Amino acid sequence: MVVLVGLRPSRYIKHSPPKATKLGSRIEPQISVQVLVLGDIGRSPRMQYHAMSIAKHGGRVDVIGYKESALHPGLVDNSLINVVPLSPPPRILRLNILPFIISGPLKVLWQILSIFYTLAYGIKPARWMLVQNPPSIPTLFIAMVVCFLRNTHLIIDWHNYGWSILAGTRGSSHPFVKISKKYEAMLGHWAPTVSFTVTKAMAEELRDKPYNIRSPILTLHDRPASIFQPISSPDARQAFLRRLPETSEFVDTIMQGRVKLLVSSTSWTPDEDFSLLLEALCSYSASTKPLPPILAIITGKGPQKQMYLNQISALTESSKLSNIKIATAWLTAEDYATLLACADLGVCLHMSSSGVDLPMKVVDMFGAGLPVVGYGNYSSWKELVKEGVNGRGFNTSDDLSLALQELFGDSEGHDLARLREGAIEEGSRRWDDEWDEVAGRLLGLIEEEETLNSIPDHAR
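It should be emphasised that the depicted structure is a prediction, and the values quoted were computed from it without experimental measurement.

Caption draft 1: Seen up close, the pattern of salt bridges. Tallied over the full model, the rule gives 15 salt bridges. Among the salt bridges present, the one from Arg-243 reaches Asp-335, with a minimum N-O distance of 2.8 Å. Highlighted residues: Arg-243 in helix 9 (residues 234-243) and Asp-335 in helix 13 (residues 333-342), separated in sequence by 92 residues. A relative accessible area of 16% means that Asp-335 is categorised as buried. With a shortest N-O distance of 3.2 Å, Lys-386 and Glu-426 are connected by a salt bridge. Here Lys-386 is found in the loop between strand 14 (372-375) and strand 15 (391-394), whereas its partner Glu-426 is found in helix 16 (residues 414-426), with 40 residues between them in sequence.

Pasting the structure below:
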């Protein structure tokens, strides 16, 4: 019994109202939050924005996740943000050498042990834990247990459904998919003090079967961070395009409008079908209409990148992309934001596995004042993109090709100019505006009586 008590992790001590406490020679902020990302922190922009917003308002933040790529500059050298790297699984589990039925459970077991130890013993207790979902396995169960042991309130930040993503690769009838769906629905119902969702459509689904969540659900739309801004100076645009290797030889023709600059960010995975864009560009190239050449810059990393690079090379050699130049790039956050502001059009290939999530890349494009053409055959698309106002949707490669021909074939540029105005207007509401109004008040970092009254007493 003595051993068990000794192993019990330390607990968060409530103060009503919350107050700052002294820890040694340092003052501990009154609000403390653990932000858990079971993935690469650097490639989880929304969770990084959460952490920076908490710290901006004086809260202490522990960001727990895998540290594989560069972090947002706002997380670096911030005394209120502590980045806690998780130990990655052994190499044999990461290389997909073993069959999934063996490697899957072993990887989950490794994650369970490393996450539990880090959350329970590796960091100080906090008032709140904010967990990204998906992945839900094993994150939600561990988070629920640790929150119980450490007297912490759990917030699930629903970006999508883990089971729906798994169904995209395993099929909806796969046993793991069925188990994952039941697990996610059960813990989604039991675990959270509060839930955040990225769309209103998702919030509505979570209140219904199979989730039946009865605790508060707050929609916190993704909004562009301050790094994404329109560019109004032609000189600044020209200077950046000249500096960037992928655009340097096309600067003059881009500035004159004789070459159109298209940007697409992709994870090179099956849920973003890059073949749609390739087929649309081939169709554009084959058109008999007088259309301007396109320089398409594709950013991002992912498992299918080399496969598509081989296809691009073959299509180029066979002259099926005669007036199209496709380049790939991996950019810093600052350069990516500036590239979006300098482009003529953004293309989003995100296909929602659940039908109720939204791609953050479109939000970033709007923040940079860039109109978007995106795959829009799912219910939540219209929450973000207004057809003909700030962008256009497509369902097939023919739809996409037609949109490119109409927008780039307009020699006066009226259609693109109108969409750009709509993109700038949509992007004018920023992450800070959205976050302060929803999350800031919930966490107690921004006080407002009417907001706090809507939150259960036990969650305050």
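Caption draft 2: Layout of the layout of surface pockets. A volume near 410 Å³ is recorded for the second largest pocket. The wall of the second largest pocket is formed by 22 residues, among which Arg-237, Ala-343, Asp-344, Ala-417 and Arg-420 lie closest to the centre. Looking at the lining of the second largest pocket, the elements that each hand over two or more residues are helix 9, helix 10 (251-255), helix 13 and helix 16. In terms of residue count, helix 16 provides more of the lining of the second largest pocket than any other element does, five residues in total.

Caption draft 3: Structural detail: the packing of helix 2 (residues 45-56) against helix 17 (residues 431-442). Contact geometry of helix 2 with helix 17 gives a least axis separation of 11 Å together with a crossing angle of 70°. When the axes of helix 2 and helix 17 are compared, the pair comes out roughly perpendicular. The handedness of the crossing between helix 2 and helix 17 comes out as right-handed. Contacts from Arg-46, Tyr-49, His-50, Ser-53, Ile-54 and Lys-56 in helix 2 reach Trp-431, Asp-432 and Trp-435 in helix 17. Class assignment for the residues of the contact of helix 2 with helix 17 results in four nonpolar, two polar and three charged.

Caption draft 4: View of the sheet that holds strand 3 (residues 32-40). Spatial ordering of the open sheet is given by 5-4-3-6-7-8-9, a layout of seven strands whose pairing is parallel. The open sheet has two edge strands, strand 5 (81-85) and strand 9 (217-219), and neither has a second partner. The average angle at which neighbouring strand axes cross in this sheet is 20°, direction not considered. With six bridges joining them, strand 6 (residues 128-133) and strand 7 (residues 153-158) adopt parallel strand pairing. From the neighbouring strand, Gln-132 faces strand 7, where its bridge partner is Asp-157.

Caption draft 5: The arrangement of the packing of aromatic side chains in detail. Under the definition given, this model contains 15 aromatic pairs. Their ring planes at 75° and their centres at 6.1 Å tell us that Tyr-375 and Phe-394 sit as a pair that is edge-to-face. Of this pair, Tyr-375 sits in strand 14 while Phe-394 is found in strand 15, placing the two residues 19 residues apart along the sequence. For Tyr-375, a relative accessible area of 12% corresponds to the buried category. A residue is classified by how much of its surface remains accessible, and Phe-394, at 1% relative accessible area, is buried. In this structure an aromatic cluster arises from ring pairing among Trp-158, Tyr-161, Trp-163 and Tyr-211. When the ring centre of Trp-163 is taken as origin, the NZ or CZ atom of Lys-181, which lies over that ring, is 4.3 Å away.

Caption draft 6: Representation of helix 5 (residues 139-150). Between its terminal C-alpha atoms helix 5 stretches 16 Å, which fits the 16 Å expected from 12 residues at 1.5 Å a residue. Listed as buried for helix 5 are Thr-139, Leu-140, Ile-142, Ala-143, Val-146, Cys-147 and Arg-150. The arc that holds the buried residues of helix 5, viewed along the axis, is 160°, so those residues lie on one side. Here the buried face of helix 5 lies against strand 3, helix 4 (100-122), strand 6, strand 7 and helix 7 (175-190). Two residues or fewer past helix 5, Asn-151 is found with a positive phi of approximately 65°.

Reading the values: rules and limits
Residues numbered from 1 in each chain as written. Predicted model: local features only at pLDDT ≥ 70, side-chain atom pairs only at ≥ 80, totals over all residues. Heavy atoms only, no water. Salt bridge = Lys/Arg side-chain N within 4 Å of Asp/Glu carboxyl O. Helix = DSSP H or I, 4+ residues; strand = E, 2+ residues; numbered from the N terminus. Buried < 20%, exposed > 50% of the residue type's maximum accessible area, 1.4 Å probe, protein only. 1 Å grid on protein atoms, 1.4 Å probe; cavity = no way out; pocket = protein on both sides within 12 Å on 5 of 7 lines; lining within 4 Å. Points joined across faces, edges and corners; volume = space filled by probe spheres on them. Axes fitted to C-alpha atoms, helices over the stretch in contact; angles between N-to-C directions. Parallel < 35°, antiparallel > 145°, perpendicular 65-115°, else oblique. Left-handed = near helix turned anticlockwise from the far one by under 90°. Contact = heavy atoms within 4.5 Å. Nonpolar A, V, L, I, M, F, W, Y, C, P; charged D, E, K, R; others polar. Pairing = 2+ DSSP bridges. Phe/Tyr/Trp six-rings, centres within 6.5 Å; stacked < 30°, edge-to-face > 60°. Lys NZ or Arg CZ within 6 Å of the ring centre and 35° of its normal. Expected span 1.5 Å × (residues − 1). Arc of directions from axis to C-beta.

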